[in-house]
Amino acid sequence: MTVAYLVNQYPQTSQSFIRREIAGLEAAGLVVERFSLRRWDGKLADPADEAERNRTRVVLGVGALGLARAVFREMFTRPGRFFRALGLTIEVGNRSDRGLLRHFAYLAEACVLRKWLAECGAEHLHAHFGTNSATVAMLCRELGGPSYSFTAHGPEEFDALEGLSLGAKIERAKFVVAISSFGRAQLCRCCSPQSWGKIRVVRCGVDSSFLNSSEAISPPANESRQFVCVGRLESQKGHLQLLEAVAGLVAEGVAVKVTLVGDGSMRAVIEERIRELRLENNIQLAGWLSGAQVRQEILASRALVLASFAEGLPVVLMEALALGRPVIATWVAGIPELVEPGKSGWLVPAGEGAGLKAAMREALEADVSKLGAMGAEGRKRVIENHDSAVEARKLAALFGACDISL
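Sequence order as written defines residue numbering, which begins from 1 separately in each chain. Only residues with pLDDT of at least 70 get local features here, since the model is predicted, and only at 80 or more are side-chain atom pairs given and counted; chain-wide, interface and lining totals rely on the full set of residues. Only hydrogens and water are removed before side-chain values are computed, so all heavy atoms of the structure are retained for them.

A. Representation of the overall build of the protein chain in the model. Counting its secondary structure elements, the protein chain contains 17 helices and 13 strands. When we talk radius of gyration, it's over C-alpha atoms, and the globule rule is simply 2.2 Å times the number of residues to the 0.38. For a compact globule of 406 residues, the expected C-alpha radius of gyration is about 22 Å, and the protein chain comes in at 22 Å, within 12% of that figure. Taking all 406 residues of the protein chain together, the buried fraction comes to 55%. Two residues qualify as a contact provided that any one of their heavy atoms is within 4.5 Å of a heavy atom in the partner residue. Taking as baseline every contact in the protein chain between residues at least 6 positions apart, the subset at least 24 positions apart corresponds to 71%. Here the Shrake-Rupley method, with its probe set to 1.4 Å, supplies the accessible areas, and only the displayed protein chains count as covering residues. Roughly 16,300 Å² of accessible area belongs to the protein chain as shown, and the carbon and sulfur atoms make up 50% of that amount. For helices the rule is a DSSP run of H or I covering at least 4 residues; for strands it is a run of E covering at least 2, with both sets numbered from the N terminus onward. Whether a residue is buried, partly exposed or exposed follows from its accessible area with a 1.4 Å probe, protein chains only, as a fraction of its type maximum: under 20%, in between, or over 50%, in that order.

Okay, here's the thing in structure tokens:
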């Protein structure tokens, strides 16, 4: 079976979970064609992502003339389907805060993609994220393209259920994937109860390089005062709250260091706040690192810490736990489905700096044998529920490519 994957911008450094999912599908015997609406021009730190870039076809790479040709081709060769797709474009565009003009562009992108999917023999199209990639998938289907599905991650989709026309996307999809039970509940809010059965939970996961790692049996070094935080430098990730917690610990005479792995629009603001709080010796901004480098940062830490205000279910939590490191995270979205307080880490209320500081202090004061036991418990949970190969087979079954118990 040939399946096409569609993402707004792929590959990106923060999308290793999509790469692992595709690898799992290919290991299950599927042919996967990769498509991206636009090219991501940022630096790819991991060679595996660079290889994915070379295998991905970019829709907007055809240019304005190519988009216009695709529109006229569909209009004149498939007029009935084209004008139905145009009507749907106007319907969802009027509902969106992005407006009609942007949605006319999505229709043009769908015209390009419809032809490409026919040429490669794709029997099904799967989009990641319920935003514009899912919109293009829906319009492509209306143009006569293959059946489609999409994975909604959150939190962006859940903040704009109506504006993204998620109900319409679910109604027309073959099925829809949520990455957690929390995510499934959010999707159920925006569609009729008759469509709830379409919404299935298929979790993001980690591959054998984490699940079979011999390094995971080693507890953190007793002398380590190091935490690591991995994620985009964006407001929803709560980095400023994390800086305040570190400043509070330093003011109390606690030795602590945190490495921030990632980059984003908040970098300059974070750098300025580090200077204001005089944390230059306590906070390291590492930028994006390769998968191997992130792995070493996790192994060098006592725990991974995330101060997120909003999330889906961060894959980096699975990576840290799979490597035997406990995690400190906020009690939001799907995170409590993975992290069990007191057993595999700490959960604190989002936005509560005092709770975050207290959890970090506990992790610094904890005996390494306790940290090792917490990491082992978290690793067990990841092995049971977040094996990317197992989750890929579930997805393949939903595509109709194989028959397994879901």
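Anyway, onward from the coordinates.
B. Geometry of a nonpolar patch on the surface. The patches reported here contain residues having more than 30% relative accessible area and no salt bridge. Joining distances are 9 Å for like charges and 5 Å for nonpolar side chains (Val, Leu, Ile, Met, Phe, Trp, Tyr). Here, a salt bridge means any side-chain nitrogen of Lys or Arg that lies within 4 Å of a carboxyl oxygen of Asp or Glu. Together, Ile-90, Leu-101 and Phe-104 line one region of the surface with nonpolar side chains, adding up to about 290 Å² of accessible area. Considering the arrangement of structural elements, one finds Ile-90 in helix α4 (residues 79-95). Judged by its relative accessible area of 32%, Ile-90 falls in the partly exposed class.

C. Quick look at the pairing of strand β13 (residues 345-348). Of the two faces of β13, the one carrying Gly-345 and Leu-347 and the one carrying Trp-346 and Val-348 are both buried. Being paired, for any two strands, means DSSP has found at least two bridges between them. The pairing of strand β12 (residues 327-330) with β13 spans four bridges and is classified as parallel. From the neighbouring strand, Ala-329 faces β13, where its bridge partner is Leu-347.

D. View of the nonpolar core. Side-chain atoms within 4.5 Å are what join buried Ala, Val, Leu, Ile, Met, Phe, Trp, Tyr and Cys residues into a set we call a nonpolar core. If you look at the biggest cluster of nonpolar residues, it comprises 81 residues, and the most contacted ones within it are Phe-227, Leu-242, Val-258, Leu-304 and Met-360. Examining the composition of this core, we find that seven residues originate from one element, helix α14 (residues 315-322), more than from any other. Met-360 has contacts with Phe-227, Leu-242, Ala-245, Val-246, Leu-249, Val-256, Val-258 and Ile-328, leaving out every residue within four places of it along the chain. Ranked by size, the runner-up nonpolar core spans 48 residues in total, among them Leu-67, Ala-70, Ala-110 and Ile-170.

E. Structural context of the packing of aromatic side chains. In this analysis, rings of Phe, Tyr and Trp, with Trp reduced to its six-membered ring, are considered paired at centre separations within 6.5 Å, and the interplanar angle assigns stacked below 30 degrees, edge-to-face beyond 60, and tilted for intermediate values. Under the definition given, this model contains six aromatic pairs. A centroid spacing of 5.3 Å and a plane angle of 85° characterise the contact between Phe-82 and Phe-83, whose relative ring orientation is edge-to-face. Phe-82 sits in the buried class, given a relative accessible area of 4%. The class of Phe-83 is partly exposed, set by a relative accessible area of 46%. Aromatic pair Phe-158 and Phe-182: ring centres 6.2 Å apart, planes at 75°, arrangement edge-to-face. Here Phe-158, found in helix α7 (residues 156-159), pairs with Phe-182, found in helix α9 (residues 181-188); they are 24 residues apart in sequence, far enough to count as distant. Owing to a relative accessible area of 12%, Phe-158 belongs among the buried residues under this scheme. Distance and angle both matter: a charge sits over a ring if NZ of Lys or CZ of Arg is within 6 Å of the ring centre and within 35 degrees of the ring normal. Directly above the aromatic system of Trp-116 lies the positively charged group of Arg-57, at a separation of 3.8 Å from the ring centroid. Geometry around Phe-210 places Arg-295 over its ring, the cationic atom sitting 5.0 Å from the centre.

Just distances and angles here, no functional claims.
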